Amino acid sequence: MEETTYPMRGVNEALGAVLACCAPLEEIEVPAKDACGYVVCEDVVAPAPYPFFDTTISDGYAVRSAETPCTLRVGYAVLAGNKPPRPLDPGECCYVATGAPLPEGADAVCDVESAAEAATSSSVESAAEAATSSSVRVPVVPKGKDVRRRGSDHEAGEVLIPRGAVLRPWDLGILATVGRDRVRVRRRPRVKLFSTGDELRGPYDPACKVRDANRPALEALLGGAGDHEGGAIVVDGGIVADSPEALGAALDADCDVLVTTGGVSVGRADFAKPLLEARGAKIHFGRLHMKPGKPTTFATLENGSLYFGLPGNPVSAVVTSLLLVVPALKKLRGFPRDRCVPPHLECDLGEDVTLDEIRPEYRRVRVDDFRVVRSTGFQRSSRLVSMHGADALAWLPDRRAAATSTLRAGARVSALLVSPLPPARPSFFFPERETTTHLRSDDDLFKLPRTDLLPADDHLADNIRLSDDNVSLIVVCGGIGLVQSAARQIDLVCDRPAPALARAMATALADPLQQPLAALRGTTLVIAVPENPTLSKRCLDAIRPALHAFLISRTC
Ligand SMILES: Nc1nc2c(c(=O)[nH]1)N[C@H]1C(S)=C(S)[C@@H](COP(=O)(O)OP(=O)(O)OC[C@H]3O[C@@H](n4cnc5c(N)ncnc54)[C@H](O)[C@@H]3O)O[C@H]1N2
Ligand code: MOO
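Residues numbered from 1 in each chain as written. Chains lettered and ligands numbered in written order. Predicted model: local features only at pLDDT ≥ 70, side-chain atom pairs only at ≥ 80, totals over all residues.

The protein appears in an unreviewed UniProt entry as MoaB/Mog domain-containing protein from Chrysophaeum taylorii. Recorded in UniProt under Function (unreviewed entry), the annotation for the protein is "Catalyzes two steps in the biosynthesis of the molybdenum cofactor. In the first step, molybdopterin is adenylated. Subsequently, molybdate is inserted into adenylated molybdopterin and AMP is released." Taken from UniProt, the Pathway (unreviewed entry) comment for the protein reads in full: "Cofactor biosynthesis; molybdopterin biosynthesis." (UniProt positions renumbered as here; feature names shortened; annotations may be inferred.)

Caption draft 1: Quick look at the UniProt feature "domain: MoaB/Mog" (unreviewed entry) in the protein. As annotated by UniProt and renumbered to match this structure, "domain: MoaB/Mog" (unreviewed entry) occupies residues 192–331. Segment residues 192–331 splits into 31% helix and 26% strand. End C-alpha atoms: 17 Å apart. (Helix = DSSP H or I, 4+ residues; strand = E, 2+ residues; numbered from the N terminus.)

Caption draft 2: Spotlight on the site of ligand 1. Around ligand 1, a shell composed of 27 residues is seen, among which Asn214, Gly262, Ser265, Pro311 and Gly312 lie nearest. Class assignment of the residues belonging to the shell around ligand 1 gives a composition of 10 nonpolar, 13 polar and four charged. (Near = placed C-beta within 6 Å. Nonpolar A, V, L, I, M, F, W, Y, C, P; charged D, E, K, R; others polar.)

Caption draft 3: Highlighting the pairing of strand S6 (residues 70–78). Where S6 and strand S9 (residues 135–138) come together, four bridges link them in antiparallel fashion. Each bridged residue has a counterpart across the sheet, and for Leu72 the counterpart in S9 is Val136. Where S6 and strand S7 (residues 92–96) come together, five bridges link them in parallel fashion. By the bridge assignment, Val74 is partnered in S7 with Cys93. (Pairing = 2+ DSSP bridges.)

Caption draft 4: Fine view of the site of ligand 2. Lys291, Pro292, Gly293, Lys294, Pro311, Asn313, Ser316 and Ser381 make up every residue found near ligand 2. Tallied by class, the residues present in the shell around ligand 2 amount to two nonpolar, four polar and two charged.

Caption draft 5: Looking closely at the sheet that holds strand S8 (residues 108–111). Strands sit in the order S8-S5-S7-S6-S9 across an open sheet of five strands; the sheet is mixed. At either end of the open sheet lies a strand with only one pairing partner, and these are S8 and S9. Put simply, the sheet's adjacent strands are angled 40° from each other on average, direction ignored. (Axes fitted to C-alpha atoms, helices over the stretch in contact; angles between N-to-C directions.)

Caption draft 6: Region of interest: the sheet that holds strand S17 (residues 257–261). Taken together, the six strands give an open sheet; going across it, the order is S16-S13-S17-S21-S20-S18, and neighbouring strands pair in mixed fashion. Edge strands, defined here as strands with exactly one partner in the open sheet, are strand S16 (233–240) and strand S18 (282–285). The sheet shows a mean angle of 20° between the axes of neighbouring strands, direction not considered. Alignment of strand S13 (residues 190–196) against S17, held across five bridges, turns out to be parallel. For Leu193, the partnering residue across the bridge sits in S17 and is Val259. Its contacts with the sheet place helix H6 (residues 244–251) against S13, S16, S17 and strand S21 (306–310), and it is angled at close to 170° to S16. (Contact = placed C-beta atoms within 7 Å.)

Caption draft 7: Spatial organisation of the environment of Phe378. Along the chain, the position of Phe378 falls in the loop between strand S25 (372–375) and strand S26 (392–396). Given 8 C-beta atoms within 10 Å, Phe378 falls into the exposed group. In this structure, the C-alpha to C-alpha distance between Phe378 and Val413, residues 35 residues apart in sequence, is 19 Å. (Buried ≥ 20, exposed ≤ 12 C-beta atoms within 10 Å, placed from the backbone.)

Printed below as a string of structure tokens:
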């Protein structure tokens, strides 16, 4: 076996080298409607105050506030887009639709609902009727009520979108609001993408052995406009045969970034590195201390293009694209450096994992409830299905660095997010109370996988029903006092009481007005403890050994 001469580089060092080579591309002007995802190169400044005139934020009556409360004649109506025909006379009001200009003399608006309420039953009975009456009774309307002043959304000269921002869909609305149909942005990089390998056939070829999975995956990843994608203009270069001549022709492509997959390892048909050397390209790194992705190569070509030689194994190609190529493309697009790299989340391992002997690993994981990571299955670098459903790449140290061969469930790991996270289960949408915050941060139970914490409110029964079948333990906070509100809801959804646990907690509390509960719903244990943080902890402490035994039996 031929031994490669390239030193093994750490991923952070490699990322630093990549970003150092990526100077933001030049500025261009694009139609504002096409500017989503571009980095803007100018401060977008409001040319005029907005709104242009004093207007109203409700459908109602423009009044002179000093005259209220009173009955007023409805002199005329102004709809949005119309001009008031004349100033308001004393004793007069006018109907105004939301967004219509206020007439001179008006300094407040009484919405139609309040006018209807203030009216006697003989005159006006509903908001709809009030809107069409010829006179209206209005209550006290303070000066300025429901008035949207000229320039109160933004003043002339205000910076609405600062230079350097990534334009989002709503920013296109802002550009439209201020009448900008073109905007200065940084050019998107042009990427040329090739797959290499004699064994490969077209991605959708019905009769073949190895279909090209890398081009469709990388074209979408590098060209996609999502937060985790590259946002480049990707040109598909097709499949390149395993020969130095064919690869050499590919390397001559005119683009900002050239990406090939395959042929970067040390095999007889792996021509990328020798060819780069022969052509005098500057090779920044040729091997990485990571799994997957070891033979990843990065170079500056003679014509100035940047070159990524990614491994042919599809997972390796995708993972190294996420960690290196997407950040490079973002830097070229003008993103600030800290926004080029995938964000990371500190998570707990949801299961024991065996570490690689030599290389730190980027394991494909899903992230549950923003805190627990679980593997997407068998992690071989040819098995692209391990990317399916992956929200993040969990960084796992190698055995030597970790001084162990296995990381246990509950261990802290850093997860690099590669897609938008799925929502947490419904219970997490409820406002955190003192107890829930306290328990979550302090209690080891909640660092274990498959535990859930619910407040004792009207939604409790529904929330227990909605909890994932995989949840082993649900802790309900409160509802165990005089009226036992949690008991009724827990009864509705649980099949069997667990009286021994309830008794142990009650004994620990020694308070007749606090009756903790315990019941089983299938194999999920539901317990209800006091809301008070000290008392809830006392309950959990009383049954902790039993809970641990129960949770472990559920995990096995
Ligand atoms: N003696 C050694 N052998 C290998 C080493 C090593 O250090 N010493 N490293 C291994 C690692 S790690 C990787 S990763 C691969 C990468 O090799 P290449 O980049 O040269 O890739 P290929 O050999 O061309 O292909 C690898 C594998 O992937 C399949 N493939 C390639 N392209 C595609 C594609 N577009 N779509 C689907 N599948 C593709 C190809 O058929 C091979 O099965 O090298 C190891 N070997
Ligand atoms: O480093 Mo390779 O990319 O694991 O299979």
